[in-house]
Amino acid sequence: MKVIIEILESGTYRDQAWEGTFLSTKGELRAVTPSYAAQLIGQAKAALYLDDHGEMKFA
């Protein structure tokens, strides 16, 4: 299961150690693991994406 986040800071990211890096720009939506989402949110590099009803979205 992955959660959807909104990238707040453009840059290069890596969700899993065995996966390649990916380039994201500010405002882009990405599906990442919950642990990586928590890490990016804690660093103020991403925000949890909520739909129009205020609910989390999963991929």
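Note that the structure is a prediction, hence the values are computed from the model and not measured.

Q: Could you clarify how one ought to interpret the overall build of the protein in this entry?
A: A tally of regular secondary structure across the protein gives one helix and five strands. From first element to last, N terminus to C terminus, the protein shows the α and β order β-β-β-β-α-β. Counting all 59 residues of the protein, 29% fall into the buried class. A fraction of 49% describes how many contacts in the protein between residues 6 or more apart in sequence connect residues 24 or more apart. For the protein, the accessible surface area stands at approximately 3,900 Å², while carbon and sulfur atoms represent 53% of it. Distance from the positive charge centre (6 side chains) to the negative charge centre (8 side chains) of the protein: 7 Å.

Q: Please clarify how the sheet that holds strand S5 (residues 46-48) should be interpreted in this entry.
A: Working definition: the strands of a sheet are paired by backbone hydrogen bonds and lie parallel or antiparallel to each other. With respect to topology, three strands assemble into an open sheet ordered S4-S1-S5, the strand pairing being antiparallel. The outermost strands of the open sheet, each flanked by one partner alone, are strand S4 (29-32) and S5. Neighbour-to-neighbour, the strand axes of the sheet open up by a mean angle of 40°, direction not taken into account. Inspection of the sheet shows strand S1 (residues 3-7) paired to S5 by three bridges, in the antiparallel sense.

Q: It is not clear to me how the pattern of salt bridges should be interpreted in this structure. Could you clarify?
A: Side chains bearing opposite charge may pair, as long as their charged atoms lie close to each other. Scanning the model with the defined rule gives three salt bridges in all. Close ionic contact of glutamate 28 with arginine 30 constitutes a salt bridge, the shortest N to O distance being 3.3 Å.

Q: What's the story with the environment of threonine 21 in this structure? I'm lost.
A: With respect to the helices, strands and loops of the structure, threonine 21 is situated in the loop between strand S2 (11-13) and strand S3 (22-24). Threonine 21 has contacts with Thr12, Tyr13 and Arg14, leaving out every residue within four places of it along the chain.

About the cut-offs
Residues numbered from 1 in each chain as written. Predicted model: local features only at pLDDT ≥ 70, side-chain atom pairs only at ≥ 80, totals over all residues. Heavy atoms only, no water. Helix = DSSP H or I, 4+ residues; strand = E, 2+ residues; numbered from the N terminus. Buried < 20%, exposed > 50% of the residue type's maximum accessible area, 1.4 Å probe, protein only. Contact = heavy atoms within 4.5 Å. Areas by Shrake-Rupley, 256 points an atom, 1.4 Å probe, with all protein chains shown as cover. Lys, Arg positive; Asp, Glu negative; His and termini not counted. Charge placed at Lys NZ, Arg CZ, Asp CG, Glu CD. Pairing = 2+ DSSP bridges. Axes fitted to C-alpha atoms, helices over the stretch in contact; angles between N-to-C directions. Salt bridge = Lys/Arg side-chain N within 4 Å of Asp/Glu carboxyl O.

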